[in-house]
Amino acid sequence: MRAKTEAALTPRQRLGRGLTYTAVGPVDVTRGVVGLGLNSAQAGVNSLRRRYREGRLAHEVSAAQEVLADEFAAAQEVVAGLPQALREARRSRRRTPRPWVIGVAATAVVAGGVAAVVIVRRAGRTEEPSPRPPSVEVQPRP
């Protein structure tokens, strides 16, 4: 096995070496030119990609700013109308009785009527003795 002592050359170094040494010159010149062309093409693509992303990002940021501005304006309108809405809510609360108050009052009236009917019916009835014998002996009090 042969140890690799030479470091890999960059396209620019390869081109310079190719121009310096005439024996391997044409091969190195060709590889250097192709390498430089590929590197510059890749750099151009990366630059275009970066500019596209930055432009897209700038467009997205401006769209987000517009949305935030619209939301902020809507929030300001809501906050500006809040005192009036609170006043109207307080007025409407004072004028109409709450539904649960009406429900509780109706339930109390019905419960009172049921209790009155039960009391009246029991008062009119005489207590009949049970047909069964008492389970506990009744002792007279001294």
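The shown structure was predicted, so the numbers you read here are calculated from the model rather than taken from an experiment. (Residues numbered from 1 in each chain as written. Predicted model: local features only at pLDDT ≥ 70, side-chain atom pairs only at ≥ 80, totals over all residues. Heavy atoms only, no water.)

Participant: Explain the overall build of the chain to me, please; I cannot follow it from the model alone.
Facilitator: Along the chain, the regular secondary structure elements total three helices and zero strands. Element order for the chain, N to C, with α for helix and β for strand: α-α-α. Taken as a whole, the chain presents about 13,400 Å² of accessible surface, with 61% of it coming from carbon and sulfur. (Helix = DSSP H or I, 4+ residues; strand = E, 2+ residues; numbered from the N terminus. Areas by Shrake-Rupley, 256 points an atom, 1.4 Å probe, with all protein chains shown as cover.)

Participant: Hey, could you run me through the pattern of salt bridges in this one?
Facilitator: Opposite charge on two side chains makes pairing possible when the charged atoms of those side chains draw close. The tally for this structure, following the rule as stated, stands at two salt bridges. The partner of E54 in a salt bridge is R50, and the shortest N-O contact between them spans 3.5 Å. In this pair, E54 and R50 both sit in helix α2 (residues 25-95), four residues apart, roughly one turn of the helix. Judged by relative accessible area, which is 45%, E54 ranks as partly exposed. On the basis of relative accessible area, R50 is assigned to the partly exposed category, the value being 45%. With its nearest N and O atoms 3.7 Å apart, the salt bridge here joins R56 to E60. (Salt bridge = Lys/Arg side-chain N within 4 Å of Asp/Glu carboxyl O. Buried < 20%, exposed > 50% of the residue type's maximum accessible area, 1.4 Å probe, protein only.)

Participant: Where do I start with the side chain of R14 in this structure?
Facilitator: By secondary structure assignment, the location of R14 is in helix α1 (residues 11-20). Among all residues touching R14, those that are not within four sequence positions of it are L9, D28, R31 and G32. (Contact = heavy atoms within 4.5 Å.)

Participant: How do you make sense of a nonpolar patch on the surface when you look at a structure like this?
Facilitator: Residues W100, V101 and V104 make up a contiguous nonpolar surface patch of roughly 310 Å² in combined accessible area. Here W100 shows up in helix α3 (residues 99-124). (Patch = residues over 30% accessible without salt bridge, like charges linked within 9 Å, V, L, I, M, F, W, Y side chains within 5 Å.)

Participant: Just checking my understanding: could you explain the UniProt feature "transmembrane region" (unreviewed entry) in the chain for this structure?
Facilitator: As recorded in UniProt, the feature "transmembrane region" (unreviewed entry) lies at residues 100-120. Between the end C-alpha atoms of residues 100-120 the distance is 30 Å, and the span holds 100% helix and 0% strand. (UniProt positions renumbered as here; feature names shortened; annotations may be inferred.)

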